[in-house]
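Structural overview
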Protein chains: 2
Amino acid sequence: MSRTPLHPTREQIELPMVLDCLSDPIRLAIVYQLAQQERVSSELCCGDFYALSGKSNLAYHFAKLRECGVMQTRVAGTNRFMRLRREDLDTRFPGLLDAVLSSAAKDAERLQLLSECDVVEAD
Amino acid sequence: MSRTPLHPTREQIELPMVLDCLSDPIRLAIVYQLAQQERVSSELCCGDFYALSGKSNLAYHFAKLRECGVMQTRVAGTNRFMRLRREDLDTRFPGLLDAVLSSAAKDAERLQLLSECDVVEAD
DNA sequence: CCCTATGTTCAACACTTATTGAACTATCGA
DNA sequence: TCGATAGTTCAATAAGTGTTGAACATAGGG
């Protein structure tokens, strides 16, 4: 447990690793859900993803997403709050994340992404 | 050998499979090289990629790129001419290919992509 | 017709990956 | 302090991946 997990610096983020991260259906769903949460500027914690898989499997995917620089984890008490590293990704790979997210949105059903109905809409 | 290999239809192209394809450094280099060739509207054949890996390994990656709908192979005599399925990809996943290609171009050295010096520039 | 060039297919291998459940750690609240 | 909650870590497993070399298929040129 303990201290804040390791994250790569912006410059250390590699394109193939990011693409590989996003190519897994569960991780793509996690990223998609984080992206929707971005709009209401709050973070999500592990438990918000139980619909996708079991705890330990999620921890495995979270670790991968962190190591590849796709998301960031902030430890707060017994929770881990996660958010996309959008600014870093957009700087490093302009347009990539948005293209992936909008492509995923188009295929939301086929990809079995949780739709926006469980996300609180802002205004 | 024989008849034209199978390719998925446009609608059968899946986002995770495409991302997975592009996440392998050799396949990314192949796609990058095909994209540069696009500009001079000619095709490339297997032998043009020997710098990346051996024959049989390339055939493996070509098969994957074909199965995932990223590129198309046209049989002509003893050669196989290949090109990106840009129109299909752009329709299915708008902006994705370009974002990947320009991100790759930014990191060309790090990714060990062959630079444009071996590609004929069209003015 | 034979020889060569082009590219695929196959079997084998070492390696990585995703998934599971059980054990563990740490924090919070009663 | 005790118990519940949140999440990680570990070991085991099953399946997939990339790489290699050898064998194969096909077409073209002498």
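For the structure, see preceding data.
Residues numbered from 1 in each chain as written. Chains lettered and ligands numbered in written order. Predicted model: local features only at pLDDT ≥ 70, side-chain atom pairs only at ≥ 80, totals over all residues. Heavy atoms only, no water.

Regarding the overall build of chain A
Looking only at helices and strands, chain A has five helices and three strands in total. Ordered by position in the sequence, the α and β elements of chain A form the string α-α-β-α-β-β-α-α. Within chain A, the fraction of its 123 residues that count as buried is 45%. Nonlocal contacts in chain A, meaning residues at least 24 apart in sequence, comprise 68% of its contacts between residues at least 6 apart. For chain A, the accessible area works out to roughly 6300 Å², and carbon and sulfur atoms hold 52% of it. (Helix = DSSP H or I, 4+ residues; strand = E, 2+ residues; numbered from the N terminus. Buried < 20%, exposed > 50% of the residue type's maximum accessible area, 1.4 Å probe, protein only. Contact = heavy atoms within 4.5 Å. Areas by Shrake-Rupley, 256 points an atom, 1.4 Å probe, with all protein chains shown as cover.)

Here's the deal with the pattern of salt bridges
Under the criterion given, the structure shown has 22 salt bridges over all chains. Linking A:Arg10 and A:Glu87 is a salt bridge whose minimum nitrogen-to-oxygen distance equals 3.6 Å. Of this pair, A:Arg10 sits in the segment before helix H1 (15-22) while A:Glu87 sits in helix H4 (residues 86-92), and the two are 77 residues apart along the sequence. The class of A:Arg10 is partly exposed, set by a relative accessible area of 29%. On the accessibility criterion, A:Glu87 (62% relative accessible area) is exposed. In this structure, the salt-bridge partner of A:Asp107 is B:Arg92, at a minimum N-O distance of 2.7 Å. Residue A:Asp107 is located in the segment after helix H5 (96-106), and its partner B:Arg92 is located in helix H4 (residues 86-92); the two belong to separate chains. Each of the two residues, A:Asp107 as well as B:Arg92, counts as buried. Look at the salt bridges and you will find they share partners, linking A:Glu11, A:Glu14, A:Arg92, B:Asp107 and B:Arg110 into a network. (Salt bridge = Lys/Arg side-chain N within 4 Å of Asp/Glu carboxyl O.)

Structural notes on helix H1 (residues 15-22) of chain B
Most of H1(B) is tucked away: six of the eight residues are buried. All of the buried residues in H1(B) are B:Leu15, B:Pro16, B:Val18, B:Leu19, B:Cys21 and B:Leu22.

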